[in-house]
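Single-letter residue listing:
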Amino acid sequence: MTYCIAVFRSRSQAIDCKGALARAGVKAELVSTPASLNIGCGLSVKFTLSAYSRVRGIIARAGYSSFYGYLNI
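Residues numbered from 1 in each chain as written. Predicted model: local features only at pLDDT ≥ 70, side-chain atom pairs only at ≥ 80, totals over all residues. Heavy atoms only, no water.

### A look at helix α2 (residues 52–62)
Right, so step 1: All buried positions along α2 are accounted for by V55, I58 and I59. Down the axis of α2, the buried side of the element spans an arc of 95 degrees, and every buried residue falls inside it. Seen from the buried face of α2, the exposed residues on the opposite side, beyond 90 degrees, are S53, A60 and R61.
Right, so step 2: Where the residues of α2 are buried, they touch β1 (3–8), α1 (11–23), β3 (43–48) and β4 (67–72).
Right, so step 3: One or two steps after α2, the chain reaches G63, where phi turns positive at roughly 65 degrees. (Buried < 20%, exposed > 50% of the residue type's maximum accessible area, 1.4 Å probe, protein only. Helix = DSSP H or I, 4+ residues; strand = E, 2+ residues; numbered from the N terminus. Arc of directions from axis to C-beta. Contact = heavy atoms within 4.5 Å.)

See below:
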């Protein structure tokens, strides 16, 4: 199965996003952001590629100021 991560610069916004996804019925987990990215807080939200469009909509509506982008892993 292919996964994506949503990368954040803020731990609190990453945690909030994980909760928003759970409330929307999307399975997600908090994971460490790959150190090679050298970005922000060190927390990202991992989810399946099949949930990408739903996650993208949820993140866009939330307007997270610390959201950096998506990465396939």
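### Considering the side chain of S66
Right, so step 1: Position of S66 among the secondary structure elements: in the loop between α2 and β4.
Right, so step 2: Given the relative accessible area of 8%, S66 is considered buried.
Right, so step 3: Side-chain polar atoms of S66 contact the side chain of Q13, separated by 2.7 Å.
Right, so step 4: When near neighbours in sequence (up to four residues on either side) are disregarded, S66 contacts V7, F8, R9, S10 and Q13. (Polar contact = N/O pair within 3.5 Å; in protein donor to acceptor, adjacent residues only side chain to side chain.)

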